[in-house]
Structures are given as C-alpha cells and as structure tokens.
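Listed below are the residues making up each chain.
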Amino acid sequence: MHLLNPFQMNDWDNKTFFWAFQAFQLAFVAVVCLGLFGYYIPIAREALAFLYLTFLPGVLVLKALRLHDRGTIETMLYSVGLSLAFLMLTGLAANITYPLLGYSRPFSFVMLFLTIVAVMQVLLYLALIRDRGHAASSPELAIPSSPAAPFLMLLPFFAIVGTYVRNEYHMVTFLFLLLVLIAIIVLAVGFDRLIPASCYGLAIYTIALSLLYHTSLISEYIWGYDIHHELYLVNSVLIPGLWDMSMPYNTNGMLSVVALVPIYSLICDLDPIWVFKILYPLLFALVPLGLYRAVEKQTDARIGFLSIFFFFAFFTFYTEMISLARQQIAELFLTLTILAMIDKSMARGRQAFLMVTFGFAMIVSHYGLSYIYFFSLVPAWLLLVIPERLGPWLPERLTGTSGFLKSDPLAPSGTGGGGVPVRTLVLPYILIFAALVYLWYSMVAEGTALATVTGIGDRIWSTLFADSFSPTAAQGMHILTSQAVTPLHGLAKLVHIATQGLIAVGLLATLARRERWRIEPEYLAISLVFLLINVAGIVVPFFASSLNTSRLYHITLIFLAPFAIIGGIALYEALVGRIRAITAAPFMGTAYKPLSAFLVVFFLFNSGLIYQVVDDSPTSMALETTGDKPVFNGKEVQGARWLFSEGSERPIYVDGTRWWLLQGFDPRRQRYIPANASLLEPNSYLYFGMYNLAKDSVRIEAQEYAVTTADYVDAGRFIQNQHKVYDNAGSTIYYR
C-alpha cells in the first residue's frame, strides 16, 4: 500500500492537496462545533487543532513560495516554523486591528477561530494560484522497516507512564529504566548495532521528547522559575481578551508567550498550564531534530546523531529550558535559520525570505537569544569577508589553509563559483536583523528589553578591567573554581571540562582540514564567535549571570556541539597514528565506540542517574522526590490562589523557592523574606509551602555581585506575633 507523505504536502499535486486540506479543515471545524454543542470527543479537538495550527499554515506558505523537494525532515521543520510565525503575527494583527473596529476582545475563541480559518482560506487560494505550474512529485511516506522504529516511538509514552507513576505513587522505577534505555540506544549507535541510520532522525526526536516529558510532566502544575511569570502574562491576555503591549516587563514583548500560548489554549481548549507542559515540549523537541539535519548535511548521520545527543544530554535542555517557554520557541527559529543559512541549493530569494522571517520570529520570541545571535553576526561576517578581500594579496599557501576561501561548488555560474564563494551571511541580512531588533524592542513593553541589554552592557564595561576573572563577578569562573560538594560531583566537573577541550580541538581540526569536514563557512564562522562567547562567560564580569552560565553554555552548544565529536575523532586518529594497537582494546575499535561510551557517562551525570543510584547529593528534578525544588503540589497552588483571591494589596513575604510560585499570580506584591525577622512589614502576609512546613525551614537568598548564595534558617522565628489565617496541610498563610 502506497501512502502520500503528509509531511511533504506542499509537494502534492494541487487537486489532491486541495481536497486533503479541505477534508482536514472540515474535520477540525466539525469537532470544534460538536464540542460547542456539548458533544465532546476526548482528545479529538486537542489533536486536530494542534496539527491544524502547527503544520497547515506553514505548508500553505511553502506552497506559495514554490519551495519543493526539501525532504521529509526539512519540509516538516519549515512548515512548523512558518506556522508558528503565522500564528504570532495573526495574534499581533488581531490585537491591533480588532479594537479599532470596535471588538474589545481579540483574544477570544470566536474571534481567533474565525480569523485563522478565514486567513487560511486566503492562503490556500494564493498557494494554489502561485503553485499552478508545479510538476507534482507525489512523495510517498517511507515507513521504517527496522524493528527499532516502533521501540523508539514508544519512548515518549514510557516517559508519560513514568511521570504518572512518580506523581501518584512516588515511584521512579520507570524513569530509571527510561534513562537506562536511552543510554543503551546511544551505545547501539556508537557500536553500529540495532539502530540503522534511517532511524537516527526518529531516535533524536523521540529521545529528546522523552527527556523533556520526563521532567515537564512531574507535578500537575508548572514548575521551575521564569515560566510562572510567563503564565501570569498569558493569563493577563486571556482574562481580558486583550494583550496590553505597555506592561513594562521584558517578557511581555515576547509573542511566543503573549500570543502563541493564548492561541493554542483557546483553539485547542487547553488550560495554559498544559500548553506549557505538553504542547511546547512537542515543539521544542524539533530543535534537536533540526540541528541533526543541519549537522548530517555537513558531515554524516552518525556524527550528526552523537553531536545532537551531546547537545540535549546537557541537563539545561530538559531542566532549565522547561521553565523558559519563550526560549524554547526562539531556539526553534534559530535552528531553522541555521538550516536555511547552510542550504546553498535553495534559490536566493526564498532563502532570504526564510532567514528574515525566522529571524524576526526569533526576535519576538526571546530577547536574550536574539541579542546573542545578533552580536555574533558582525564578527562572523568579518571572519568571512576579510579573507575574501585579502585573498588576492595573500600567498597561495595561506589562502588555501585560511578555512574560509573554499569555493562554493553550488554557486551559480558567474557568481563566485570559481573564486569567492556565494555567502548566505551578508551585510543586508545583518542590517535588516539589527533594524528589526531595535524597532521591536523599543516599541513594546515600554522598551524594557532594549533598556535591559544596555544596562548589562554598561555594567560589564564599568567592571571589565577591575573584575575580570573574579569568581564573584564572573559566574562561569565561580563555577570552575568552586569546590565540588562531593568527589563524584568533582569528577562530573572534569567530564564537563573535557567536553570543552574536545570542542576546541574539533574547531582546530576543522580549520586545519576543511576539505574533510565540509562545514559551511557561515556555520564555522558563527561557531568560532560562539566559542569566544563561551570564554567570555568565564572571564567577563556579569556576562554569564545575565542569562545564567548553564543557559549560556546550552545556547552555544547549538553551534558548537558537532565540534566535540569532530574533536573526539581527531584525538582518536592521532592516538591510533602513534599507538596502532589501541584499536584492539575494548570499546576502541573505531572512534565512535569510545565517543558513545563517553557521551553515556556525560549523560548519566547530567541526568542525575548516577547521583541517585549512589545517593550522592542527588540533582535530578524527576528522580529526586524530596528536597527543596521549585516543584509545587496542588495544596501549595490552592493556598497561593486563595491568597491572591483575598483581594487586598498587602505585601506577601515568601522564601526564595516559593517566590517563583507566587510569580504566576501577581509579581507586584511579593517580597523576599529578610534574614532579619524584625524587618517584616506590618499588615503583610507570610506564605509557607510544603517544604517550609515539613522541614521547619526557610530558604534565604543573598546576592554577592553575580553570585547568588542561599542558606536555610529556622522558620519558627518568622511566625512569632503572626496570626495563622489559612492552612490546608500543604500551605499555610500568616498575617501580621
């Protein structure tokens, strides 16, 4: 039986495409209408609405662009990226236009539903008209025949079951097994057993999604840090049905939060909490898949798999990023920008459209990532341009090894194919990106995102010469020089430092042997700048702390991860060149075997599995069910909800961990509990959560330059002369 590939719908002939599109849209509208009349079909609306919103707008744009034959992975990724950009821009346009027409609630189900369906019909007409002359290739769906495929598909369901058992019965056995299975899969790839190369893309997506779900689904409420403030902003849009663009919060200018989440919530009929916990991981897991495709195109499938496993094995991917919804979406757009940038076979006009569209979508998704990418573009451009300009005056021996003068074999005749390569990182693109950054960040949220980066720049400049390399001012240096809590944690630090060394070796090996590694010049140039950003996170005061060192490193791995594998291969080959007998040692038959074993060790440390097994200061959010973590139960949420429904504007004191829970309700009223209990204001509330009650302990945080320190003190001294006004056995509220 031959099935058309639904992930490449834009390659279908117009007649088949039209009827398939209308049939899907009719099913979606019918399910929505049945729900409105009280006939609810479980999961049907959520699934159909998610697919409708996430894929079809992008497919229509690809068809209108006449962009065909990109393959399953790239077509699907471009479809998702263009769909998300379409939804954010539709929400922005509705928020601006409808109030002018007298409709005060543009972010309501009826208005958004009618708007999206109507705009989709217009897009369908344009797509069919513009793509009229396309000779359809009717790509068929390739179903992997390997028995590994169904096993890989079951991994996310294993994570779902594991988190359910953890939440209900406090058992983490299934999550243990999940992490062990992932480690076995990596070894199977390294040893070239069981998992064929045709399944690598599927393995990347399902492993990434499993890791995300094994943390995002713990607790029935959102957990983490910034995501509580993001939830507050989402509710500030959903409750009045209007986005207030003037609220002076950096995050309020991010359409990935204030437009995309409300649209998914209303159209899919999902609480925003579950949009964050279920739908966003489905989107964020596409980042490793896109990076895998980008690396595979430049190297090979196995290097691509190991590189991207290294990227998402780092704990930030499935811990910190769970509480940063806006950065999840921005990283997807950065990944799509990379894919478009390295594709020298795409028509220049379409490539420019995709790069500018994804660049703008990144800007309106996350200011931090956009700034880092923007500030890397100019030095990367200079790394490309200067050798081109100096080439005619340099000796041939130098130009042949400069690393950036390789002829572009895909360049059209007369455009540099025999000399200077056709570049995709050009000055007009940088200028357009800079203009979009300035215009957006200066117009929305009272310009707070622009003021934030200038403030960080001023602080760095004022302390650069006095506090460089200072452990108190440079967060990265503090991490490197601080004493590990146990010898095992110290070993983990050495493993992390080893990966940094592999990245440096890999970059040097790539520059030395450009003809072997075939890394595109634009990718290599930005990677070199990102390596400098890594170094800056260690030595430059207040640079890494503006984001957090682990987040900064995670971002740089988007470009740098492949060079760790290239570096490992280069070191292996150097060792074999000196000691040929090394290949006879266990796990050393090829470079991929020791590399896969090393990555498994790296993963077991980062996931916290090793610490949990030996009970050595466990770190895992999922496996460790005790300890003080920003994971909150229903009673804590209920207590916070009661507190804010009370209606007064009195200050609320809360400790450093529970602070984040209250951020999701109203960030204007809360205060950190001071170390001195006498400093508590009168006529104020004091909120205690489960940990405070069970341990009779309060987390007190202190900031010393760029380093935050925390100490736990007795909770009893803060409730003297306080009156208990609420108690549900999971949270307690006092009034003074």
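To start, this report covers the structure provided alongside it. The structure presented is a predicted model; accordingly, all values stated were derived computationally and were not measured.

## Looking at the overall build of the chain
Looking only at helices and strands, the chain has 29 helices and seven strands in total. In terms of C-alpha radius of gyration, the chain reaches 26 Å, essentially the compact-globule figure of 27 Å for 736 residues. Every one of the 736 residues in the chain was classed for burial, and the buried ones make up 57%. Across the chain, contacts joining residues at least 24 apart in sequence account for 76% of those joining residues at least 6 apart. Total accessible area computed for the chain in this model is approximately 29900 Å², and 66% of it derives from carbon and sulfur atoms. In the chain, 45 positive and 46 negative side-chain charges are present, and the distance between their average locations comes to 6 Å.

## Concerning the pairing of strand β6 (residues 723-727)
Relative to strand β7 (residues 732-735), β6 runs antiparallel, the two sharing four bridges. Within β7, the residue paired with Y726 across the bridge is I733. The loop that links β6 with its antiparallel partner β7 comprises four residues; one of these, A729, has a positive phi angle of about 70°.

## Focus on the packing of helix α12 (residues 286-298) against helix α14 (residues 325-342)
Between α12 and α14, the shortest axis-to-axis distance is 9 Å and the interhelical angle comes to 20°. Relative to α14, the element α12 lies roughly parallel. Every pair of crossing elements has a handedness; the one defined by α12 and α14 is left-handed. Contacts between α12 and α14 involve L286, V287, G290, L291, R293, A294 and Q298 on the former and, on the latter, Q328, E331, L332, T335, I338, L339 and I342.

## With respect to the nonpolar core
Grouped together as the largest cluster of nonpolar side chains are 232 residues, with contacts concentrated most on Y264, I267, F305, F311, F312, F333 and W440. Residue contributions to this core peak at 16 residues, all from helix α24 (residues 549-578). Excluding residues within four positions of it along the chain, Y264 makes contact with F50, L53, T54, L84, L87, D269, V275, L279 and L283. Among the nonpolar cores identified, the runner-up in size contains twelve residues, and Y653, I673, L680 and V698 belong to it.

## Details of a nonpolar patch on the surface
A contiguous nonpolar patch, built from L34, L36, F37, Y39 and I41 and spanning about 570 Å² of accessible area, is present on the exposed surface. The exposed category is assigned to F37, whose relative accessible area is 69%.

## Examining unusual backbone geometry
With the exception of glycine, the majority of residues adopt a negative phi angle, and the majority of peptide bonds are in the trans configuration. Even without being glycine, R66 reaches a positive phi, approximately 55°. Positionally, R66 belongs in the loop between α2 (44-65) and α3 (72-100).

What counts as what
Residues numbered from 1 in each chain as written. Predicted model: local features only at pLDDT ≥ 70, side-chain atom pairs only at ≥ 80, totals over all residues. Heavy atoms only, no water. Helix = DSSP H or I, 4+ residues; strand = E, 2+ residues; numbered from the N terminus. Rg over C-alpha atoms; globule rule 2.2 N^0.38 Å. Buried < 20%, exposed > 50% of the residue type's maximum accessible area, 1.4 Å probe, protein only. Contact = heavy atoms within 4.5 Å. Areas by Shrake-Rupley, 256 points an atom, 1.4 Å probe, with all protein chains shown as cover. Lys, Arg positive; Asp, Glu negative; His and termini not counted. Charge placed at Lys NZ, Arg CZ, Asp CG, Glu CD. Pairing = 2+ DSSP bridges. Axes fitted to C-alpha atoms, helices over the stretch in contact; angles between N-to-C directions. Parallel < 35°, antiparallel > 145°, perpendicular 65-115°, else oblique. Left-handed = near helix turned anticlockwise from the far one by under 90°. Core = buried A, V, L, I, M, F, W, Y, C linked by side-chain atoms within 4.5 Å. Patch = residues over 30% accessible without salt bridge, like charges linked within 9 Å, V, L, I, M, F, W, Y side chains within 5 Å. Salt bridge = Lys/Arg side-chain N within 4 Å of Asp/Glu carboxyl O.

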